[in-house]
Amino acid sequence: MGRHAWGWGLEEAAIPLEAVRARVEPFFGASHALTGSPAEVPSPRVAAPPRLAAFSSASTASRAAHAMGKAYPDRVRGFRGDFSSAPDLVVTPRTEAELIATLECAERERLSVTPFGGGSSVVGGVEPRLGPNANGTLSLDLGALERVLEVDVVSHLARIQGGVLGPALEQQLTAHGLTLRHFPQSFEFSSLGGWIATRAGGHFATGPTHIDELVQSVRLVTPRGLFETRQFPASGAAVDPNRLVIGSEGVLGVITEAWMRVRPKPTFRASASVQFTDYAAAVNAVRELSQSGLQPANCRLLDAMEAMINGVVFDGSSVLVLGFESASHSMRGSIDEALRITARHQGRCEQGAQVREGEGERAQDAGEAWRRSFLQGPYLQDALIQLGLVADTFETACTWSRFDALYAGVTGAMNEALQRVCGGGVVSCRFTHVYPDGPAPYFTFIGRGREGAELEQWHELKRAASDALAAHGGTITHHHAVGRTHRPWYEREAPPLFLDALKAVKRTLDPAGVLNPGVLFD
Ligand SMILES: Cc1cc2nc3c(=O)[nH]c(=O)nc-3n(C[C@H](O)[C@H](O)[C@H](O)COP(=O)(O)OP(=O)(O)OC[C@H]3O[C@@H](n4cnc5c(N)ncnc54)[C@H](O)[C@@H]3O)c2cc1C
């Protein structure tokens with residue numbers, strides 16, 4: 001099975017355009033398929049240093065595959081055949097010693113280095129860029145560092161290499177009856193090192209779902225040497241050195257290994273979907289749930305538009321997809337209590353709860369319709385691009401007390417921007433995570449593109465979205481990272497002295513500035 005040249009995932013899994021056309025025409029009118037262009041990849045500026053020859057490639061195919069991430073503008077550029085950002089060289093170290101040799105070589109030969117995990121960045125984080133005074137660019141593919149090296153069954157810990165992709169990681173842990181239980185939507189094509197570097201969020205709505213909580217200790221190879229943290233379940237000793245690495249987005253060093261907190265696979269499950277006529281009542285229900293201590297694994301509130309475009313319901317209701325799971329005890333009590341809370345807010349659960357004790361068939365309910373649509377989402381975006389639509393998502397987190405104004409402000413700003421930029425469109429929202437102090441709303445927008453102008457249209461829409469989030473007290477990202485795309489807004493929300501301190505750390509660990517120029521800061 002082959003990776004898609006410019007789009008998401010595997011070519012074989014692409015959604016047929018006709019199926020998507022039928023879904024979008026009711027919203028956007030008749031559409032036609034655009035024609036992509038063959039890939040244009042510039043010649044390399046520099047030759048591979050002999051020391052790296054045994055584990056590097058300058059082939060056109062491999063350089064094109066490392067030219068950019070999977071954001072909307074990346075995919076449009078790929079569709080148009082623009083691979084001008086391709087690195088001069090792709091290096092795939094098989095050992096940490098080869099990785100150290102690569103960094104030494106890059107410093108000496110003045111090559112900018114971009115660590116590359118799965119390449120699923122949606123913020124321009126994985127795109128090679130020439131730093132000031134650099135002669136060329138090198139994409140450092142960590143894909144050969146893909147093993148679970150050690151499992152501490154007693155402590156529920158596993159030592160795992162940074163380049164392993166989600167499915168291979170889970171497969172190796174399954175042999176021990178364990179799971180990392182970290183499932184971002186990009187799970188199949190993103191890596192442990194990438195998750196740690198970007199502070200990824202898994203798809204569980206509450207409890208340990210952010211990679212931050214799953215990292216026990218890390219091993220970072222920096223141009224100045226090794227930065228390895230000690231294995232403690234917790235420590236009160238000054239500032240946590242793990243926290244310097246988690247979220248460092250490849251600018252301080254390369255994560256080669258981490259001890260991760262793993263757990264037995266859950267076998268007890270309960271789920272339900274609840275419909276609400278009134279969105280405000282649904283939000284109140286989810287707030288009460290998030291503050292109840294019940295900790296649902298799934299607690300996704302889809303607003304009416306989100307429910308409609310995902311094919312869950314079409315009657316203008318909002319839908320709450322609820323799920324609980326445990327490796328040790330029945331979830332019947334939890335789901336019953338959650339449904340008592342939603343009923344107090346006029347939530348209707350017509351199908352009742354589905355409870356599974358042990359592995360069994362998945363229920364064919366709205367939750368399952370939602371799950372299918374969740375996994376197809378990235379493939380759908382590729383089809384929308386080919387049908388000439390500007391379609392993307394953005395996400396944030398805010399306090400409960402600010403949510404109503406943020407929702408109204410952001411959907412209002414996006415409807416206005418879609419009208420101005422695309423002549424109309426749709427914007428929808430779901431919660432991906434909920435905390436006792438606030439939700440993480442995730443917005444989708446789709447508008448009609450003008451052939452050849454899609455990138456300019458996207459930039460205008462993205463600016464409108466980001467400005468609206470900042471104006472209403474939302475962070476520029478809950479889990480998509482900063483990269484280069486979110487930098488202007490990140491610089492506004494981070495304390496200036498903190499950014500100065502981070503730059504000082506960068507100067508200490510990467511004094512020649514070879515790693516990821518332009519990501520997080522200049
Ligand atoms: C369809 C789709 C769905 C997504 N869903 C989610 C989601 O549910 N949750 C979520 O959090 N994100 C999601 N993302 C964003 C993306 O998948 C995450 O940011 C992910 O963590 C990136 O992992 P990766 O291995 O692909 O990293 P890459 O894209 O390869 O790299 C991301 C950044 O990390 C750096 N980096 C990578 N590996 C290392 C390493 N070993 N050491 C140091 N730096 C490194 C890179 O230089 C780059 O700056 C999604 C993206 C797409 C396209």
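Look a little higher up for the structure.
These notes cover the structure that comes with them. (Residues numbered from 1 in each chain as written. Predicted model: local features only at pLDDT ≥ 70, side-chain atom pairs only at ≥ 80, totals over all residues. Heavy atoms only, no water.)

Here the focus is the sheet that holds strand E9 (residues 225-228). With respect to topology, 5 strands assemble into an open sheet ordered E5-E6-E10-E8-E9, the strand pairing being antiparallel. Two strands in the sheet have a free side with no partner beyond their single neighbour: strand E5 (148-152) and E9. Along the sheet, successive strands turn relative to each other by an average axial angle of 10 degrees, direction set aside. Taken together, the 4 bridges between strand E8 (residues 215-222) and E9 define a ladder with antiparallel strand orientation. Residue pairing for E9: Arg219 is matched across the bridge by Glu228. (Pairing = 2+ DSSP bridges. Helix = DSSP H or I, 4+ residues; strand = E, 2+ residues; numbered from the N terminus. Axes fitted to C-alpha atoms, helices over the stretch in contact; angles between N-to-C directions.)

A few words on the packing of helix H9 (residues 279-290) against helix H13 (residues 400-422). Helix-helix packing is described using two parameters, namely the angle between the two axes and the distance between the axes. Close contact between H9 and H13 brings their axes to 11 Å; oriented N to C, the two are set at 155 degrees. What the angle tells us is that H9 and H13 run roughly antiparallel. H9 and H13 meet at a crossing whose hand is right-handed. Contacts between H9 and H13 involve Tyr279, Val283, Val286, Arg287 and Ser290 on the former and, on the latter, Trp400, Phe403, Asp404 and Tyr407. Broken down by class, the residue content of the contact of H9 with H13 amounts to 6 nonpolar, 1 polar and 2 charged. (Parallel < 35°, antiparallel > 145°, perpendicular 65-115°, else oblique. Left-handed = near helix turned anticlockwise from the far one by under 90°. Contact = heavy atoms within 4.5 Å. Nonpolar A, V, L, I, M, F, W, Y, C, P; charged D, E, K, R; others polar.)

All right, on to the side chain of Asp382 then. Relative to the helices and strands, Asp382 is located in helix H12 (residues 366-386). Beyond its immediate sequence surroundings of up to four residues, Asp382 is in contact with Trp6, Gly7, Trp8 and Arg75.

Here Asp510 is to be found in the segment after helix H16 (496-509). Not counting residues up to four positions away in its chain, the partners in contact with Asp510 are Pro223, Val251 and Leu515.

Moving on to the environment of Ala5. Within the secondary structure layout, Ala5 lies in the segment before helix H1 (17-28). For Ala5, a relative accessible area of 52% gives the class exposed. Residues Ala5 and Gly78, 73 residues apart in the sequence, show an inter-C-alpha distance of 7.5 Å. Setting aside residues up to four positions removed in sequence, Ala5 forms contacts with Glu11 and Phe83. (Buried < 20%, exposed > 50% of the residue type's maximum accessible area, 1.4 Å probe, protein only.)

What follows concerns the pattern of salt bridges. Considering all chains together, one arrives at 27 salt bridges under this definition. Between Arg129 and Glu127 there is a salt bridge, with its nearest N and O atoms 3.8 Å apart. Judged by its relative accessible area of 37%, Arg129 falls in the partly exposed class. Look at Glu127 and you get buried, because its relative accessible area is 7%. A salt bridge links Asp212 to Arg243; its shortest N-O distance comes to 3.0 Å. Of this pair, Asp212 sits in helix H7 (residues 211-214) while Arg243 sits in helix H8 (residues 242-245); the two residues are 31 residues apart in sequence, bridging distant segments of the chain. Classification of Asp212 by relative accessible area gives buried; the value is 7%. Judged by relative accessible area, Arg243 falls into the partly exposed class, the value being 44%. Taken together, the shared-partner salt bridges connect Asp74, Arg77, Glu127 and Arg129 into one network. (Salt bridge = Lys/Arg side-chain N within 4 Å of Asp/Glu carboxyl O.)

Bringing the packing of aromatic side chains into the picture now. Two numbers describe a pair of aromatic rings. These are the distance of the centres and the angle of the planes. Overall, the coordinates contain 13 aromatic pairs when judged by the stated rule. Relative to Trp458, the ring of Tyr72 has its centre 6.5 Å away and its plane inclined at 25 degrees; by these criteria the two rings are stacked. Taken together, the residues Tyr72 in helix H3 (residues 72-79) and Trp458 in helix H14 (residues 454-471) connect sequence positions 386 residues apart. Residue classification places Tyr72 among the buried positions, given a relative accessible area of 1%. (Phe/Tyr/Trp six-rings, centres within 6.5 Å; stacked < 30°, edge-to-face > 60°.)

This part covers the sheet that holds strand E1 (residues 56-57). The 4 strands are arranged E1-E2-E4-E3 in an open sheet whose pairing can be described as mixed. Edge strands, defined here as strands with exactly one partner in the open sheet, are E1 and strand E3 (111-116). With 6 bridges connecting them, E3 and strand E4 (residues 136-141) associate as parallel partners. Paired with Val113 across the strands is Leu138, a residue of E4. Packed onto the sheet, helix H4 (residues 96-109) meets strand E2 (89-91), E3 and E4 and runs at close to 170 degrees relative to E4.

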